[in-house]
Amino acid sequence: MANREREDSDDGNPRAKRPKIEGEANGKTRAQNGFGGDAANDPSKNPYLQHRYPQATGGGGRLDNSMRHKTTTKATEALENGPNNPFTGSKFSQRYMGILQTRRDLPVHAQRDQFLDKYQKNQILVFVGETGSGKTTQIPQFVLYDDLPHLNGKMVACTQPRRVAAMSVAQRVAQEMDVTLGEEVGYSIRFEDKTGPNTMLKYMTDGMLLREAMSDNNLSRYSTIILDEAHERTLATDILMGLLKEVVLRRPNDLKLIIMSATLDANKFQKYFHNAPLLAVPGRTHPVEIFYTPEPERDYVEAALRTVLQIHAIEPAGDILLFMTGEEEIEDACRKIRLEVEEMVRESDAGPLTVYPLYGSLPPQQQQKIFDPAPPPNSHGGRPGRKCIISTNIAETSLTIDGIVYVVDPGFSKQKVYNPRIRVESLLVSPISAASAQQRAGRAGRTRPGKCFRLYTEKAFKEELIPQTYPEILRSNLSSTVLELKKLGIDDLVHFDLMDPPAPETLMRALEELNYLACLDDEGDLTQLGRLASDFPLDPALAVMLIVAPDFYCSNEMLSLTALLSVPTLFVRPAAQRKRADDMKNLFAHTDGDHLTMLNVYHAFKSDEAQANPKQWCHDHFLSHRALTQADNVRMQLKRIMEKNEIELMSTPFEDKRYYENIRRALVAGFFMQVAKRDGNGKTYMTVKDHQSVLLHPSTVLGHDSEWVIYQEFVLTSKNYIRTVTAIKPEWLLELAPTYFDLSTFKDGEIKRSLLRTANKLKSKEFATKGRK
DNA sequence: GAGCACTGC
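Residues numbered from 1 in each chain as written. Chains lettered and ligands numbered in written order. Predicted model: local features only at pLDDT ≥ 70, side-chain atom pairs only at ≥ 80, totals over all residues. Heavy atoms only, no water.

Structural notes on the UniProt feature "domain: Helicase C-terminal" (unreviewed entry) in chain A
Phase 1 of the analysis: UniProt feature "domain: Helicase C-terminal" (unreviewed entry): in the numbering of this structure it lies at residues 307-489.
Phase 2 of the analysis: For residues 307-489, the end-to-end C-alpha separation is 53 Å, with 34% helix and 24% strand making up the annotated structure. (UniProt positions renumbered as here; feature names shortened; annotations may be inferred. Helix = DSSP H or I, 4+ residues; strand = E, 2+ residues; numbered from the N terminus.)

What about the protein's contact with DNA strand B?
Phase 1 of the analysis: Taken together, 33 residues lie near DNA strand B, and Arg163, Gly360, Lys414, Arg573 and Thr717 sit nearest.
Phase 2 of the analysis: Those atoms of DNA strand B that come within 4 Å of the protein belong to sugar or phosphate at a rate of 60%.
Phase 3 of the analysis: Here Lys414 contributes a side-chain N or O atom positioned 2.2 Å from a phosphate oxygen of DNA strand B.
Phase 4 of the analysis: For the surface near DNA strand B, the leading source of residues is helix H9 (residues 206-215), giving three residues. (Near = heavy atom within 4 Å. Polar contact = N/O pair within 3.5 Å; in protein donor to acceptor, adjacent residues only side chain to side chain.)

Digging into a negative patch on the surface
Phase 1 of the analysis: Residues Asp491, Asp492, Asp522, Glu523 and Asp525 make up a contiguous surface patch of negative charge.
Phase 2 of the analysis: Mapped onto the secondary structure, Asp491 falls in the loop between helix H18 (479-487) and helix H19 (504-516).
Phase 3 of the analysis: Classification of Asp491 as exposed rests on a relative accessible area of 55%. (Patch = residues over 30% accessible without salt bridge, like charges linked within 9 Å, V, L, I, M, F, W, Y side chains within 5 Å. Areas by Shrake-Rupley, 256 points an atom, 1.4 Å probe, with all protein chains shown as cover. Salt bridge = Lys/Arg side-chain N within 4 Å of Asp/Glu carboxyl O. Lys, Arg positive; Asp, Glu negative; His and termini not counted. Charge placed at Lys NZ, Arg CZ, Asp CG, Glu CD. Buried < 20%, exposed > 50% of the residue type's maximum accessible area, 1.4 Å probe, protein only.)

Points about the domain arrangement of chain A
Phase 1 of the analysis: Each domain of chain A was delimited in the assignment, giving domain 1 (73-281), domain 2 (288-474), domain 3 (478-649) and domain 4 (672-771).
Phase 2 of the analysis: Once you take the C-alpha centre of each, domain 2 and domain 4 turn out to be 44 Å apart.
Phase 3 of the analysis: In this assembly, six residues from domain 2 lie in contact with six residues from domain 4.
Phase 4 of the analysis: Across the domain 2 to domain 4 interface the summed buried area is about 550 Å²; carbon plus sulfur atoms make up 49%.
Phase 5 of the analysis: Considering only the surface of domain 2 that becomes buried against domain 4, Ile422, Arg423 and Val424 emerge as the three largest contributors, covering 76% of it.
Phase 6 of the analysis: Applying the counting criterion to the domain 2 and domain 4 interface returns one salt bridge.
Phase 7 of the analysis: At the boundary of domain 2 with domain 4, the tally comes to two residue pairs in polar contact (both at pLDDT 80 or more).
Phase 8 of the analysis: For the side of domain 2 that touches domain 4, a count of residues per class yields two nonpolar, one polar and three charged. (Domains from an automatic or database assignment. Contact = heavy atoms within 4.5 Å. Buried area = accessible area lost by both parts, 1.4 Å probe. Nonpolar A, V, L, I, M, F, W, Y, C, P; charged D, E, K, R; others polar.)

Some words on the layout of surface pockets
Phase 1 of the analysis: Size it by volume and the second largest pocket reaches roughly 460 Å³.
Phase 2 of the analysis: Around the second largest pocket sit 25 residues that line it, and Gly411, Phe412, Pro431, Ile432 and Leu465 are the ones nearest its centre.
Phase 3 of the analysis: If you tally residues by element for the lining of the second largest pocket, the top one is strand E14 (residues 412-419), at four residues.
Phase 4 of the analysis: Class assignment of the residues belonging to the lining of the second largest pocket gives a composition of 13 nonpolar, six polar and six charged. (1 Å grid on protein atoms, 1.4 Å probe; cavity = no way out; pocket = protein on both sides within 12 Å on 5 of 7 lines; lining within 4 Å. Points joined across faces, edges and corners; volume = space filled by probe spheres on them.)

Describing the packing of aromatic side chains
Phase 1 of the analysis: Tallying each qualifying case throughout the model produces 19 aromatic pairs.
Phase 2 of the analysis: Relative to Phe461, the ring of Tyr292 has its centre 5.9 Å away and its plane inclined at 50°; by these criteria the two rings are tilted. Taken together, the residues span a long stretch of sequence, with Tyr292 in strand E9 (residues 288-292) and Phe461 in helix H17 (residues 458-463) at a distance of 169 residues.
Phase 3 of the analysis: Taking the centre distance of 6.0 Å and the plane angle of 75° together, the rings of Phe654 and Tyr660 count as edge-to-face.
Phase 4 of the analysis: What links up through ring pairs into an aromatic cluster is the set Tyr516, Phe672, Tyr740, Phe741 and Phe746.
Phase 5 of the analysis: Over the ring of Tyr119 we find Lys256, and its NZ or CZ is 5.1 Å from the ring centre.
Phase 6 of the analysis: Positioned above the aromatic ring of Phe571 is the side chain of Lys585, whose terminal nitrogen or guanidinium carbon lies 4.5 Å from the ring centre. (Phe/Tyr/Trp six-rings, centres within 6.5 Å; stacked < 30°, edge-to-face > 60°. Lys NZ or Arg CZ within 6 Å of the ring centre and 35° of its normal.)

Describing the sheet that holds strand E4 (residues 192-194)
Phase 1 of the analysis: Read across the open sheet, the eight strands follow the order E4-E3-E5-E2-E6-E7-E1-E8; overall the sheet is mixed. The sheet is open, and its two borders are formed by E4 and strand E8 (278-281), each paired with just one other strand. Taken over all neighbouring pairs, the strand axes of this sheet differ in orientation by 20° on average, direction set aside.
Phase 2 of the analysis: Summarising the sheet, strand E2 (residues 155-160) and strand E6 (residues 222-227) pair through five bridges and their orientation is parallel. For Ala157, the partnering residue across the bridge sits in E6 and is Ile225. (Pairing = 2+ DSSP bridges. Axes fitted to C-alpha atoms, helices over the stretch in contact; angles between N-to-C directions.)

Observations concerning the nonpolar core
One broad rule of soluble globular proteins: the nonpolar side chains tend to lie buried together.
Phase 1 of the analysis: Ranked by internal contacts, the top residues of the largest apolar core, which has 120 residues, are Ile225, Phe536, Met558 and Phe741.
Phase 2 of the analysis: Leave out the neighbours within four places in its chain, and Ile225 touches Ala157, Leu209, Leu219, Leu244, Leu255, Lys256, Leu257 and Ile258.
Phase 3 of the analysis: Listed in part, the 33 residues of the second largest apolar core include Ala166, Val173, Ala174 and Leu201. (Core = buried A, V, L, I, M, F, W, Y, C linked by side-chain atoms within 4.5 Å.)

Here it is, written out as structure tokens:
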């Protein structure tokens, strides 16, 4: 297959040798456009079909397959100037001509020649474009006009780390190209594929491309792949880079790769890709003046509040953005600033200041408020008002707010860290990287020159901050990733060339976990179960739990539960109404634990009573409507995957006394590695094998002091907590996960003694049963 | 008796 591709799609091949393409196979031809082709198979040249092409392209630099990778800026610009859209044959609209002018003013445009030259001559190219250069919208179009992927039944892909970006950029580019979104230009994200048979440029999330790679290891649908925002180093981007590094060798003549990044860290990308050539384009932002504190600040929260108030008191009009680490800190800061400003207004006639919190778990309507205009002066001719947004890192990359002139950067954020020794991911407040600091400062210069107040010394910035945030791959549990890599056909993980190889211990942990889950055999090869599990967009333990659920007669319930476990918290608990919220939660509580409680919530949500007005019902019961509808979406997706793989959907009748027990047993089949046993009669628990002393999270509804529990999450905050817990029986552990609970591998101690007692009890019971027969 | 930085499939 690889050979065929190479031979067929090489530059300048005679058209007669062109392979049959996707669209043609469906009886629809991709040649329904102004590009090339002889009249015989190009309907736009067919005199009987001219009514469908009222404005067929006439004269002036027509493109066809023989020009692939040989186009020039001049010829392409002539095509872009119209009058007809070379991709659709229709006349360009008035709006198109307007947008074309602004596009040509973008910084990238000045280097189109250089770009084309480097793109044509190389298989891999690293492209650095700073904010405002226009790279995300323009480069894919430059590529399209030269790569002509549709002539070979292929596409150009451009990946984004976030869904909203993929959607909104695709929308914009469809406008710029004067085509309908979902036709020539489309996007593909989880839950939504807006592409069609004519799609030649596809924006997608990096995770989506990775999914596709799992079923097509050569990514053969694409002739050019653009990895955008590579500097963010998401897990998916890192794996794609590793994979593509191998794929370009397998497809030397028909795949090109562009790595786009916003930082000057590009040399690292170049080096990684065998010294690929680099093209850098300046951005277009306003200058931002940086101020440091002369001495280190002891209390950054206090310093931040003081700085905001000072800006408000003495700086000219302009909005403020303050970065903090989390919800609690932000809400607290908001309260304090509001109080202080009231006093300033009373005593020194300061202008009004509206304070908005901004963080991910905030409902969308409240997030939207940050875009409200700043308040007007308190009185006619009074001092101007401004707004102050206090935000988590969400405002660093995901959300941009125009009109920010002042940024206050205390230099911290919450970051995920992974400890492979105890297999725990946790969030820690840590100093940001220099790159992050630069990004934050840049937020002040989007609309006009701004100022950034760093609450640390210049020396600290230069000497103490790490240059780049550690990539996610170094900070995560990699069990899903390792499973994905196996599915991608990477057998030798140790020698798989990742840009930043994770710690061997992290890899070992992941391999070990997958082996216990029977997703990998003892040779480290993918098992049938592993292959199935990799088909689900879930953590391996959750996927396994779902796949084996039919053995416990409750796959319907496990399907719902799996969906619920892969969305954010269902329970809403506003600070002012904690008691009422807890009372509502208790309506759904199941004494055996939180998993069963979540299931009760879901079933209640799906009842006729709730569905009559789901939003109101959720509000009344202090449940997150967003989380529940999201869970419903995930459930549908997972259900389709189950059906595809012929995993039976079934339930134990609710009246059956084993209804809940079956569910708890199925939970154990996936999460037998997350078990804790109560220490004596106290409150503390001890995790099995890792021997961590933990407490039940106060949010649990577990109604009795169960000796054995499985837990969903280990949270490291003020104390070590296990969260989302359910009571189980120790004999289930021995029965359902005999390899993991091979007691000869256990350290001596109370856990081992207790499990040995259970094993003996089981044996004598077995003996008794046999004896009766 | 307590939090949940952010994304993604």
